[in-house]
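Take a look at the letters that make up each chain.
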Amino acid sequence: MGRYILRRILQMVPVVICATFLIYAMNFALPGDPVRALGGERPLPEEVQEQIRDRYNLDDPLLVQYGKYMGNVLQGDLGESLAVRRGTDVSDIIADTWPVTALLALVAFAFEIVIGIGAGVVAALRSGSFLDNLVRGSTILIVSVPIFVIGLVAQIVFGVRLGILPVAGTAQGWVSYILPGFVLAAVSLAYVSRITRNSLMENLRADYVRTATAKGLSRRRVVGRHALRNSMIPVVTFLAFDLGTLLSGTIVTEGIFNLNGIGGIAFDAIRQQDGTVVVGIVTMFVLIFVLANLIVDILYAVLDPRIRYD
Amino acid sequence: MSAPDPSSLGGQQSAAEATHGEDVAEGASLWGEAWRDLRRNPFFVLPVLVIAVLTVMAIWPQLFTDLVPRSCDLSRSADPPEAGHWFGFDRQGCDLYTRVVYSTRASLLIGLTVTLGAFAIALVLGSLSGYYGRWLDAVLGRIADVFFGIPLVIGAIVLLTAVVDRGVWQVSAVLTLLAWPPMFRLMRSTVLSARESDYVQAARALGAGNARVIIRHVIPNSIAPVIAYATVFMGVIIGAEATLTFLGAGLQLPALSWGVLLSSPPPRELLNTPHLLLFPSLFVSLTVLSFVLAGDTLRDALDPKLR
């Protein structure tokens, strides 16, 4: 087990390095000169431009730039914002905005787990019934609608027309997170319920479930303690993998609902070509994503004793 | 026994062949049997019809409308739907129906290009990786891990904002670069299980070389789930393009795609003119839904275990 974890971590290192390098290269190898752009119509004096280039190592070869950048990242220094909040440290911006995004993600995860797994269990237990078809039909429908359409429609219907939930912003505390959280969760929620349903139905046909029923356990116990637990393995894998979608989703959702989280900042930074902010945030997203998948791989051993490592 | 031929989609012919003896259980006509199931399944037939109509619309948009997407009357800006103009007018006073019809081409083209690109990568690298294993598998697997570690939309935003002129080909190239790993992994895993099967051993024993074994035996037997996945994948890509363009990192005007139509009015304006949001998003959703449903039913029909 220990060796397995060590090997997985070692495998993770080149992935993280290559992915962050790709992102860095993509964003900083672009045509156009961000330093010149800083001055707008009236160019900055050459000396000032030189100074800025020197500070951000923009005259070094790309690989050296990246090396210096990652060296700083490891010390917690993600550089300074060039446009969105000019002069602020990116790490400060992230420290400032992460609670909004974390709360949004938590609300979304809660929706996914409660509604997604709930609907999946109901559909599996009453497979073929009207409820099952309703769940299957609505999930495939939700998957097909782009997230920003769901967001805009939800905003118009619940926020503006019905007026039961806040339209945008976070002024009203946790209530403000219900609508964006649900929108963020919508697509993943559909997948979670489909995976739960299929996995649970498969397990309900398994021998150990028949054994459990035969030895006189109540239906509730058979489903809850035996079948459902085993059915959660693919769901947990999906949730970790889906974190990538969720993180991208925060950019859209926070943009539409005007939440001042990491996603909203990333969206502004993309439009204003604020390289350090984009690279900082995306690098962090990738790290979270890779780490989450590592943790799930390790959790496998806890959840499923059938999986052996060597 | 000869290897199943996935190109024989002709159902009747394969079904007739399948009547002699044990070949039926072996699924010598996997595609034939799937086709027999599918043509009676409304959840396959209807989406395929929708996709067919959309394809015609992408190739010959003139068949569906007499108007031209760029002849507009500013005095009709954002007017609601009326007789003769079912979808209403957009902000420039253009007939929205005409613009939606003419947008089909770019959206489908991006979906198709990215799907074919990812499919080609998956086919070549996946079969090499699964068949030869060892260091090749390790190297290709790690490369796939790198791209797998970058969430699709986020990576595409970073890459595309670096591109000044973003047309269909630029967007397609970026999406292909980032989206191939799941299909590659699927192909690799199906090849991995096909490699160990008896007919591959038999072919080798008969003296077939690696290239022949891969092309004639391994790929035909492992490609079915990948094709089903590719169908769903195409729907996902069409949705991703719309999202990217909505965020301002995808196609740009004067190009027309459903994403462009949805991104041009600022969200605030949609409150008063919901038809600007409704009709283009209806087309996106219907298209994605069709591909997801078709791919889903196709996968089930091609899975011998579900029979």
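Computed from a predicted model, the values in this text were never measured in an experiment.

A.B. asks: Can you help me understand the overall build of chain B in this one?
C.D. replies: From N to C terminus, chain B includes 14 helices and 0 strands. Looking at the 307 residues of chain B, the share that counts as buried comes to 52%. Put simply, of all contacts in chain B between residues at least 6 apart along the chain, 72% involve residues at least 24 apart. Element-wise, carbon and sulfur atoms account for 64% of the exposed surface of chain B, whose accessible area totals about 14,100 Å².

A.B. asks: Quick question: what am I supposed to make of the environment of Arg 195 of chain B here?
C.D. replies: All names here are of chain B. Counting through the fold element by element, Arg 195 comes out in helix α9 (residues 181–195). Linking Arg 195 and His 217, residues 22 residues apart in sequence, is a C-alpha distance of 9.0 Å. Ignoring anything within four residues of it in the chain, the contact list for Arg 195 reads Gly 130, Tyr 131, Tyr 132, Gly 133, Val 200, Gln 201 and Arg 204.

A.B. asks: I would appreciate a short explanation of the confidence of the model for chain B in the present structure.
C.D. replies: When pLDDT drops low, the exact placement of atoms in the prediction is not to be read closely. Averaged over every residue, the pLDDT of chain B is 77; the share at 70 or more is 84%. Overall fold confidence for the complex sits at a pTM of 0.80, while the interface term, ipTM, reaches 0.75.

A.B. asks: Would you take a moment to explain the pattern of salt bridges for this structure?
C.D. replies: Opposite charge on two side chains makes pairing possible when the charged atoms of those side chains draw close. Applying the stated criterion to the full structure yields 7 salt bridges over all chains. Salt-bridge contacts for Arg 197 of chain A lead to Asp 132 of chain A; the nearest nitrogen and oxygen are separated by 2.8 Å. Taken together, the positions of Arg 197 of chain A in helix α8 (residues 178–204) and Asp 132 of chain A in helix α6 (residues 130–144) put the pair 65 residues apart, joining distant regions of the chain. Accessibility classification places Arg 197 of chain A together with Asp 132 of chain A in one group, the buried group. Linking Arg 195 of chain B and Glu 196 of chain B is a salt bridge whose minimum nitrogen-to-oxygen distance equals 3.1 Å. Salt bridges sharing common partners tie together Arg 194 of chain A together with Asp 296, Arg 299 and Asp 300 of chain B.

A.B. asks: Any chance you could explain the interface of chain B and chain A here in plain terms?
C.D. replies: When the parts of a complex come together, some accessible area is lost, and that lost area is often used as the size of the interface. Taken together, the contacts link 34 residues of chain B with 39 residues of chain A. For the pair chain B and chain A, the two sides together bury roughly 3,300 Å², of which 81% comes from carbon and sulfur. Applying the counting criterion to the chain B and chain A interface returns 1 salt bridge. For Asp 296 of chain B, the salt bridge goes to Arg 194 of chain A, with nearest N and O atoms at 2.7 Å. Broken down by secondary-structure element, the contributors of at least two residues to the side of chain B that touches chain A are α6 (134–148), α7 (152–161), α12 (224–247) and α14 (274–302) of chain B. The element contributing the most residues to the side of chain B that touches chain A is α14 of chain B, with 9 residues. Considering only residue class, the side of chain B that touches chain A consists of 25 nonpolar, 6 polar and 3 charged.

A.B. asks: Got a minute to help me understand unusual backbone geometry in this structure?
C.D. replies: Excluding glycine, most residues fall at negative phi; most peptide bonds, likewise, are trans. The backbone of Asn 258 of chain A shows a phi angle near 55 degrees, a positive value even though the residue is not glycine. Relative to the elements of secondary structure, Asn 258 of chain A occurs in the loop between α10 (219–256) and α11 (262–271). In this structure, Arg 134 of chain B takes a positive phi of about 50 degrees despite not being glycine. Inspection of the secondary structure puts Arg 134 of chain B in helix α6.

A.B. asks: Would you explain a nonpolar patch on the surface in this entry?
C.D. replies: Residues and elements named next belong to chain A. Residues Val 153, Val 157, Phe 158, Leu 162 and Ile 164 make up a contiguous nonpolar surface patch of about 420 Å² in total accessible area. By secondary structure assignment, the location of Val 157 is in helix α7 (residues 147–161). Among the residues examined, Val 157 registers a relative accessible area of 34% and is labelled partly exposed.

A.B. asks: Before we go on, may I ask you to explain α6 of chain A in this structure?
C.D. replies: Since one α-helical turn is 3.6 residues long, residues separated by three or four positions face the same way. The terminal C-alpha atoms of α6 of chain A lie 21 Å apart, and with 15 residues this matches the ideal 21 Å at 1.5 Å per residue to within 8%. The complete set of buried residues in α6 of chain A reads Asp 132, Val 135, Thr 139, Ile 140, Val 143 and Ser 144 of chain A. Projection of α6 of chain A onto a plane perpendicular to its axis shows the buried side chains occupying an angular sector of 160 degrees, all on one side. Where α6 of chain A is buried, its residues touch α5 (90–125) and α8 of chain A together with α14 of chain B.

A.B. asks: Please clarify how the side chain of Thr 98 of chain B should be interpreted in this entry.
C.D. replies: All names here are of chain B. With respect to the helices and strands, the residue Thr 98 is situated in helix α5 (residues 96–132). On the basis of relative accessibility, which here comes to 1%, the residue Thr 98 falls in the buried class. Each residue touching Thr 98, except ones within four places of it in the same chain, is listed here: Thr 65, Leu 67, Val 68 and Pro 69.

A.B. asks: Can you walk me through a positive patch on the surface in this structure?
C.D. replies: Together, Lys 215, Arg 221, Arg 225 and Arg 229 of chain A make up a region of like positive charge exposed at the surface. When its relative accessible area of 45% is taken as the criterion, Arg 225 of chain A is described as partly exposed.

A.B. asks: Help me understand the packing of aromatic side chains, please; the structure alone is not making it clear to me.
C.D. replies: Both the distance between ring centres and the angle between the ring planes are used here to describe each pair of aromatic rings. Residue and element names in this part refer to chain B. Inspection of every chain in the model, using the stated rule, returns 9 aromatic pairs over all chains. With a centroid separation of 5.6 Å and 75 degrees between ring planes, the pair formed by Trp 180 and Phe 184 is classed as edge-to-face. The same class applies to Trp 180 and to Phe 184, which are both buried. For the pair Tyr 229 and Phe 233, a centre-to-centre distance of 6.0 Å together with 45 degrees between the ring planes defines the contact as tilted. In this pair, Tyr 229 and Phe 233 both sit in helix α12, 4 residues apart, roughly one turn of the helix. On the basis of relative accessible area, Tyr 229 is assigned to the partly exposed category, the value being 28%. Look at Phe 233 and you get buried, because its relative accessible area is 6%.

A.B. asks: What is the right way to read the environment of Pro 254 of chain B from this model?
C.D. replies: Residue and element names in this part refer to chain B. Position of Pro 254 relative to the elements: it lies in the loop between α12 and α13 (258–263). Judged by relative accessible area, Pro 254 falls into the exposed class, the value being 62%. The sequence separation of Pro 254 and Leu 298 amounts to 44 residues, and the corresponding C-alpha distance is 37 Å.

A.B. asks: Teacher, can you tell me more about the packing of α6 of chain B against α9 of chain B here?
C.D. replies: Residue and element names in this part refer to chain B. The N-to-C vectors of α6 and α9 enclose an angle of 150 degrees; their axes lie 9 Å apart at closest approach. Taken as a pair, α6 and α9 cross one another with a handedness that is left-handed. Along its contact with α6, which presents Asp 137, Leu 140, Gly 141, Ala 144, Asp 145, Phe 147 and Phe 148, the element α9 presents Pro 181, Pro 182, Phe 184, Arg 185 and Arg 188.

A.B. asks: Sorry if this is basic, but what is going on with the packing of helix α9 (residues 207–214) of chain A against α10 of chain A here?
C.D. replies: Two measures define how a pair of helices packs: the angle their axes make with one another and the distance between the axes. Residues and elements named next belong to chain A. Axis separation between α9 and α10 bottoms out at 10 Å; the angle between their running directions is 170 degrees. The orientation of α9 with respect to α10, classified from their angle, is roughly antiparallel. Taken together, the residues of α10 that come into contact with α9 (itself represented by Tyr 208, Val 209, Ala 212 and Thr 213) are Val 222, His 226, Ala 227 and Asn 230. Its residues assigned to classes, the contact of α9 with α10 shows 5 nonpolar, 3 polar and no charged.

Procedures and definitions
- Residues numbered from 1 in each chain as written.
- Chains lettered and ligands numbered in written order.
- Predicted model: local features only at pLDDT ≥ 70, side-chain atom pairs only at ≥ 80, totals over all residues.
- Heavy atoms only, no water.
- Helix = DSSP H or I, 4+ residues; strand = E, 2+ residues; numbered from the N terminus.
- Buried < 20%, exposed > 50% of the residue type's maximum accessible area, 1.4 Å probe, protein only.
- Contact = heavy atoms within 4.5 Å.
- Areas by Shrake-Rupley, 256 points an atom, 1.4 Å probe, with all protein chains shown as cover.
- pLDDT = per-residue confidence, 0-100.
- Salt bridge = Lys/Arg side-chain N within 4 Å of Asp/Glu carboxyl O.
- Buried area = accessible area lost by both parts, 1.4 Å probe.
- Nonpolar A, V, L, I, M, F, W, Y, C, P; charged D, E, K, R; others polar.
- Patch = residues over 30% accessible without salt bridge, like charges linked within 9 Å, V, L, I, M, F, W, Y side chains within 5 Å.
- Expected span 1.5 Å × (residues − 1).
- Arc of directions from axis to C-beta.
- Lys, Arg positive; Asp, Glu negative; His and termini not counted.
- Charge placed at Lys NZ, Arg CZ, Asp CG, Glu CD.
- Phe/Tyr/Trp six-rings, centres within 6.5 Å; stacked < 30°, edge-to-face > 60°.
- Axes fitted to C-alpha atoms, helices over the stretch in contact; angles between N-to-C directions.
- Left-handed = near helix turned anticlockwise from the far one by under 90°.
- Parallel < 35°, antiparallel > 145°, perpendicular 65-115°, else oblique.

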